[in-house]
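Examination of the molecular architecture
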Amino acid sequence: MSDSSYNLDHLTELEAESIYVLREVAAQFDRPAILFSGGKDSIVVTHLAAKAFAPGRIPMPLVHIDTGHNFPETLEFRDNLVERLGARLIVGSVQETIDSGKVKEETGANASRNRLQTTTLIDAIEAHQFDACIGGARRDEEKARAKERFFSHRDDFSQWDPKNQRPELWNLFNGMHAPGEHFRVFPLNNWTELDVWNYILRENIALPSLYFAHDRVCIRRAGQILAHSDFLTLRPEETPETMHVRFRTLGDLTITGAFESDADTLEKIIDEVAATRITERGGRMDDKRSESAMEDRKKEGYF
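1. Some remarks on the overall build of the chain
Helix and strand counts for the chain come out as 8 helices and 10 strands. Within the chain, the proportion of its 303 residues that are buried is 55%. Here the analysis covers contacts within the chain between residues at least 6 apart in sequence; of these, 73% occur between residues at least 24 apart.

2. Description of helix H7 (residues 266-275)
The complete set of buried residues in H7 reads Leu266, Ile269, Ile270 and Val273. Taken end-on, H7 shows its buried residues confined to a sector of 100 degrees, consistent with a single buried face.

3. Section: the nonpolar core
Within the largest apolar cluster, 58 residues are counted, with the highest numbers of intra-cluster contacts made by Val44, Phe151 and Trp197. Shared between two domains, this core holds at least three residues of each, these being domain 1 (8-196 + 292-300) and domain 2 (208-285). Core analysis: the next-biggest nonpolar cluster, separate from the first, contains 13 residues, Ala33, Leu35, Ile65 and Leu121 among them.

4. A short note on the environment of leucine 121
Position of leucine 121 relative to the elements: it lies in helix H5 (residues 117-128). The sequence separation of leucine 121 and valine 91 amounts to 30 residues, and the corresponding C-alpha distance is 9.6 Å.

5. Regarding the sheet that holds strand S2 (residues 62-66)
Reading across from one edge, S3-S2-S1-S4-S6-S5 is the order of the 6 strands in this open sheet, with mixed pairing throughout. Two strands lie at the open edges of the sheet, namely strand S3 (89-93) and strand S5 (151-154), each paired on one side alone. Taking the axes of each pair of neighbouring strands and ignoring which way they run, one obtains an average angle of 30 degrees across the sheet. Where strand S4 (residues 132-134) meets strand S6 (residues 182-185), 3 bridges bridge the pair, whose relative direction is parallel.

6. Looking at the sheet that holds strand S9 (residues 241-246)
Strand order in the closed barrel formed by 4 strands is S7-S8-S10-S9, with antiparallel pairing between adjacent strands. Here the strands of the sheet are splayed against their neighbours by 70 degrees on average, with no regard to which way each runs. Two strands pair when backbone bridges link them, and strand S7 (residues 214-221) and strand S8 (residues 224-227) are joined in this way by 4 bridges, in the antiparallel orientation. Bridged to arginine 221 within S8 is glutamine 224.

Rules used throughout
Residues numbered from 1 in each chain as written. Predicted model: local features only at pLDDT ≥ 70, side-chain atom pairs only at ≥ 80, totals over all residues. Heavy atoms only, no water. Helix = DSSP H or I, 4+ residues; strand = E, 2+ residues; numbered from the N terminus. Buried < 20%, exposed > 50% of the residue type's maximum accessible area, 1.4 Å probe, protein only. Contact = heavy atoms within 4.5 Å. Arc of directions from axis to C-beta. Core = buried A, V, L, I, M, F, W, Y, C linked by side-chain atoms within 4.5 Å. Domains from an automatic or database assignment. Pairing = 2+ DSSP bridges. Axes fitted to C-alpha atoms, helices over the stretch in contact; angles between N-to-C directions.

Written as structure tokens, this is what we have:
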């Protein structure tokens with residue numbers, strides 16, 4: 001499915017809706033921020049913010065929660081993007097949260113820092129008194145995320161109650177909040193994965209090389225392909241091997257699954273995404289810990 005056969009009016013409508021949401025954030029909140037993971041969705045949100053507030057700079061900082069187990073390619077891309085946009089970057093360190101004794105590092109072959117980053121995020125929100133945190137999550141990604149509003153309320157403990165969200169009628173958003181409370185805002189709520197990829201192609205948006213097929217040393221674990229690294233504890237039966245892979249979603253190295261693929265261009269990726277029946281987060285090991293893994297983490301304050 002190439003860009004030429006895609007409904008460009010549909011993309012333009014989605015873009016306009018997202019820009020409207022971003023401008024509403026700027027109008028209603030005093031200290032908003034963009035939660036920047038370095039993945040394609042947060043990159044698209046940042047691109048939309050640059051368009052929404054042009055010719056000025058993005059009037060809110062990018063906040064990246066660094067697990068310490070990130071792909072080097074993601075961090076390099078982040079730094080280059082921030083420099084190009086002249087944006088302000090705030091980095092929260094999970095390693096510093098561990099060192100301070102606020103959280104305890106997981107151990108074992110399936111250890112991950114993914115859940116630990118919630119504490120780091122909440123600390124960053126409190127330290128900078130953010131009253132709105134803009135994320136790149138979409139409703140089509142996962143069943144818990146399908147419950148999110150555009151303006152999704154969090155209490156003064158950063159907790160989310162999916163049964164107690166405000167109605168959003170006729171694109172009217174209620175950002176009223178008590179001191180200490182804040183909102184998570186999701187401008188891409190109505191986008192699909194295919195929408196995102198077609199928009200990236202249309203706008204010629206740069207991405208980390210991880211999204212394109214490349215040779216990488218990986219292991220196979222529980223039906224998943226994981227990038228081999230010093231952060232991964234190998235089991236006796238696991239042998240690293242070079243594979244031709246790409247990633248559909250980016251996160252902590254220890255949990256982000258790769259897919260064997262030959263899609264090394266945006267056009268090939270779009271064709272691949274259009275044909276696949278595997279969900280985008282099907283390669284995320286953290287989502288497989290329980291049926292309600294994502295919702296449990298979101299209630300605790302996760303992205």
